[in-house]
Amino acid sequence: MTDGPAPARRPTSPGRPDGWAAAAIAHFLAAVVDLPQPQKVLLTAVQQLAQTLAANRVAIVQAGHVLAGSDDAGDTDGPKRRRLTRYTVPVGGPLQGELLIERDRELDEAERTLVTGMARAVEMSYAMGRTLEAERRLRTRSERQANVNAKLLASLRERQRLLEALSGIQRMISRREPLVDILDAVVRTVHEVLGVDTVIIRRGPSATVAARCGGTERTARWLARLPLPDGTTGGVHDLETANPPAGIAVTRALAGVVHENGRIAGALIAATTDPARLWRDADREALGVFADHVTLAITDATTVEAMNRAFHDSLTGLASRALFLDRLNLGLAQAARSGTNLCLLFIDLDRFKIVNDTLGHAAGDVLLVEIANRLRSCLRASDTAARYGGDEFVALLHDTDVRGAAIVAARIIDAVRQPLRVGEMDVTVDASIGIACSVAGGTAADDLLRSADVAMYRAKRAGRGRYAIYEPSMHAALLEQLHLETELRGALHRGEFVVHYQPIVELATGDILGAEALLRWNHPRRGLLTAAEFVPIAEDCGEMVEIGSWVLRTACAQARAWQRELGEAPFTISVNVSTAQLAGDTFAGYLKEVLENTGLAATSLVLDITEALVLREEPWLLARLEELKLLGVSLAVDDFGARYSSLAGLPRLPLDMVKIDQAFIDAVGTPEGSAFARKIVELAHTLDLQVIAEGVQTQQQFEELRRARCEFAQGYLFAEPVDTDRVPALRPTAQRLWRPTVRRSR
């Protein structure tokens with residue numbers, strides 16, 4: 001008999017239908033769903049596996065002991081047994097054992113998949129069976145208690161109220177109403193039925209008063225501290241009440257012991273101030289019955305709480321990852337049987353880390369809870385929402401096609417981006433969502449999750465705050481992206497980055513008064529890459545601060561070198577600054593150091609910040625920009641209009657200019673486009689902001705923008721981005737091209 005892992009080349013079983021293993025597991029789950037005992041679940045599993053695999057022996061073993069087995073008759077350690085192949089799979093959960101298979105031939109790949117899946121199914125079914133068995137014991141105990149109640153009422157006919165009270169409490173327990181409400185109902189009922197002055201329930205080692213009816217709080221605290229008689233394990237007992245403190249008139253107290261998971265957890269205590277009151281057997285029996293009901297209520301509540309902790313996220317209350325995966329597998333099996341669709345949404349919050357790091361983890365938790373509530377409001381009762389981890393959520397949409405999933409995704413994105421009040425600040429985040437749907441013939445849960453995850457990353461790359469539907473080609477794109485990220489991490493130190501410069505022309509004169517520094521990656525495989533092809537990846541993997549610092553240092557040094565070469569002619573350099581750079585507390589200090597080391601005057605530097613950052617209204621942004629203005633640099637909003645922002649939001653920031661996005665410049669030359677460009681320039685001038693037009697490509701655009709009194713422009717009409725050596729040579733070229741045109745127009 002061999003033991004250990006199977007050889008690398010595993011046998012196959014041609015002719016077996018697709019989904020054979022999943023069908024066998026589903027058959028097992030259907031067979032055990034109503035079994036009353038966990039042991040029968042194990043026996044069913046080994047019997048079904050033995051039959052399905054034609055195995056010589058199938059057993060579930062725990063610590064060397066066979067819990068359930070399907071062993072063939074005869075010699076258990078003879079020559080025949082030694083020729084068998086053994087295969088074991090761990091079984092976790094309450095079992096903590098192994099599923100063992102012995103057969104006269106090796107298991108093929110599908111059979112191994114079946115065995116592994118069966119181990120997980122046994123683990124889940126056994127755990128559920130134990131839970132159900134515990135609930136059956138609770139119900140049995142409750143039924144026994146009801147019989148005791150009936151006997152008690154028969155002997156105490158004058159207390160008809162008791163049955164009604166106990167029945168009401170039992171209904172509250174069966175409906176799983178809040179524990180505090182059940183305990184309040186118990187003390188009120190005991191107070192009325194026994195006719196005593198004070199009734200309390202005490203819980204825990206600190207003798208906390210969990211519920212009280214009658215008496216004062218001081219009396220209740222004193223009663224809660226009275227010890228039970230030595231050696232008490234249960235039942236009803238008299239408490240020692242001699243010499244109570246001043247102001248407490250209790251003469252006798254009776255305690256019914258309350259248990260939780262077999263341990264003493266507290267007591268139901270009834271107290272009287274009547275010196276003549278004696279406890280009758282009926283009083284003791286009634287108090288014992290109510291104490292047992294308290295035990296039932298507490299045990300049930302703690303069981304439900306434990307199950308909620310296991311299957312629900314403790315912060316948001318959404319389904320846990322484990323529960324979601326269970327429902328995903330079940331939903332896929334149901335969809336395959338019924339021929340319906342199942343769609344998965346993978347949701348990632350954009351900018352959550354910035355909120356969490358800036359405002360603190362408590363604010364981050366508030367944000368997650370609110371996002372979870374908004375997510376619930378966008379789904380049907382039949383759908384499942386779960387927190388998958390960190391700031392990632394997933395949603396399972398049953399009987400929904402791709403179009404319906406896209407509608408839900410758009411609804412979620414709109415709900416998430418609504419401002420949220422955190423402390424004294426309004427916070428806004430976006431959601432990027434990937435959509436993947438099951439296909440005919442069945443889809444594995446891991447494959448569906450992976451596809452939705454890939455689509456989510458595609459949505460992020462497309463600009464965040466949007467959704468993407470999975471397509472098979474996305475896998476190859478993601479692999480290339482991961483490869484690019486790996487290569488990106490060492491590119492700076494390998495000297496693969498270069499800075500190109502695109503001249504900025506003064507439209508009134510045709511002079512080149514500066515240039516914008518544009519990062520390029522001289523990639524060893526793909527050639528020269530523009531910033532748009534790798535900067536988003538650099539931002540995601542945390543490389544942008546170091547790369548951006550290098551660009552800033554390089555551009556400032558080059559600008560100073562050109563100034564020396566060109567004499568006294570003015571020349572400014574524009575450098576893009578990432579959000580990650582600006583968010584750092586040390587950025588202003590670093591910039592000051594760069595200016596000092598390169599000798600570049602602060603007035604010769606323009607820092608371009610993204611319009612998206614301005615729109616987000618980060619709480620730290622205003623203070624950071626004011627720090628930079630104190631150094632003397634100019635500030636510009638890059639790609640203005642790309643996100644349909646309004647100039648009305650700009651006056652609060654210490655800005656000097658706006659750069660009109662190329663999408664608007666492309667329309668210049670048409671009546672509407674030219675009019676719109678003029679309006680932007682006029683509004684910017686009203687706010688005392690200069691204007692730079694990006695992406696100017698035609699003579700007509702140049703003339704229209706000049707007539708609109710736009711100060712500066714850049715684009716392929718003047719020059720494409722060039723390397724360092726070619727910039728000075730462009731100055732006389734630009735003057736020859738544009739100065740005559742400007743003069744003729746005056």
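Residues numbered from 1 in each chain as written. Predicted model: local features only at pLDDT ≥ 70, side-chain atom pairs only at ≥ 80, totals over all residues. Heavy atoms only, no water.

Asker: Help me understand the overall build of the protein chain in this model?
Answerer: What the protein chain contains, in helices and strands, is 24 helices and 25 strands. Counting the 746 residues in the protein chain, one finds 48% classified as buried. Partitioning the intrachain contacts of the protein chain with sequence separation of at least 6 by distance along the chain shows that 65% fall at a separation of at least 24. A total accessible area of about 35,900 Å² is found for the protein chain, and carbon and sulfur atoms account for 52% of it. (Helix = DSSP H or I, 4+ residues; strand = E, 2+ residues; numbered from the N terminus. Buried < 20%, exposed > 50% of the residue type's maximum accessible area, 1.4 Å probe, protein only. Contact = heavy atoms within 4.5 Å. Areas by Shrake-Rupley, 256 points an atom, 1.4 Å probe, with all protein chains shown as cover.)

Asker: What's the story with the packing of helix 18 (residues 587-598) against helix 20 (residues 621-631) in this structure? I'm lost.
Answerer: Each pair of packed helices gets described by two things: the angle between the helix axes and the distance between those axes. Look at helix 18 against helix 20: their axes get within 9 Å of each other, and the N-to-C directions meet at 20°. One element, helix 18, and the other, helix 20, form an angle in the roughly parallel class. Here helix 18 and helix 20 pass one another in a crossing that is right-handed. Residues Phe587, Ala588, Leu591 and Lys592 of helix 18 touch helix 20, and the partners they reach there are Glu627, Leu628 and Leu631. (Axes fitted to C-alpha atoms, helices over the stretch in contact; angles between N-to-C directions. Parallel < 35°, antiparallel > 145°, perpendicular 65-115°, else oblique. Left-handed = near helix turned anticlockwise from the far one by under 90°.)

Asker: Just to check I follow, could you spell out the pairing of strand 8 (residues 252-260) for this structure?
Answerer: Looking down a regular strand, the side chains alternate between one sheet face and the other. Burial runs high along strand 8: 8 of the 9 residues are buried. Bridge count for strand 7 (residues 236-239) against strand 8 is 4 bridges, and the pairing is antiparallel. Counterpart to aspartate 238 in the pairing with strand 8 is leucine 254. For strand 8 and strand 9 (residues 263-272), the ladder comprises 9 bridges, and the chain directions are antiparallel. Residue pairing for strand 9: valine 258 is matched across the bridge by glycine 266. Taken together, strand 8 and the strand that follows it, strand 9, pair antiparallel across an intervening segment of 2 residues, in which asparagine 261 is found at a positive phi of about 55°. (Pairing = 2+ DSSP bridges.)

Asker: Please clarify how the sheet that holds strand 12 (residues 392-398) should be interpreted in this entry.
Answerer: To summarise the sheet geometry, strands pair through backbone hydrogen bonds and adopt either a parallel or an antiparallel arrangement. Strand order in the open sheet formed by 5 strands is 11-12-10-15-16, and the pairing between neighbours is mixed. The open sheet is flanked by strand 11 (384-389) and strand 16 (467-469), the only strands paired with a single partner. Averaged over all neighbouring strand pairs, the angle between strand axes comes to 20°, with direction disregarded. Inspection of the sheet shows strand 11 paired to strand 12 by 5 bridges, in the antiparallel sense. What sits directly across from alanine 385, in strand 12, is alanine 395.

Asker: Just to check I follow, could you spell out the side chain of serine 578 for this structure?
Answerer: Inspection of the secondary structure assignment puts serine 578 in the loop between strand 20 (572-576) and helix 17 (579-583). Serine 578 gets classed as buried once you look at its relative accessible area, which sits at 9%. Excluding its chain neighbours within four sequence positions, the residues that come into contact with serine 578 are Glu539 and Met544.

Asker: Whenever I open this one, the sheet that holds strand 5 (residues 198-203) confuses me. Can you help?
Answerer: With respect to topology, 5 strands assemble into an open sheet ordered 6-5-9-8-7, the strand pairing being antiparallel. Looking at the sheet topology across the chains shown, the edges are occupied by strand 6 (208-213) and strand 7. Direction aside, the axes of adjacent strands within the sheet are offset by 25° on average. The sheet contacts of helix 6 (residues 179-194) involve strand 5, strand 6 and strand 9, and relative to strand 5 the element is tilted by about 145°. Taken strand by strand, helix 7 (residues 217-225) contacts strand 5, strand 6, strand 8 and strand 9, and its axis lies near 50° from that of strand 5.

Asker: I would appreciate a short explanation of the state of the cysteines in the present structure.
Answerer: In a disulfide, the sulfur atoms of two cysteines are held together by a covalent bond. What the rule picks out here adds up to 1 disulfide. Cysteine 343 shares a disulfide with cysteine 437; S-S distance 2.1 Å. With the S-S dihedral at roughly 100°, the linkage between cysteine 343 and cysteine 437 falls on the right-handed side. With cysteine 343 in strand 10 (residues 342-350) and cysteine 437 in strand 15 (residues 430-437), this pair connects stretches of sequence that are 94 residues apart. Residue classification places cysteine 343 among the buried positions, given a relative accessible area of 0%. (Disulfide = S-S within 2.5 Å.)

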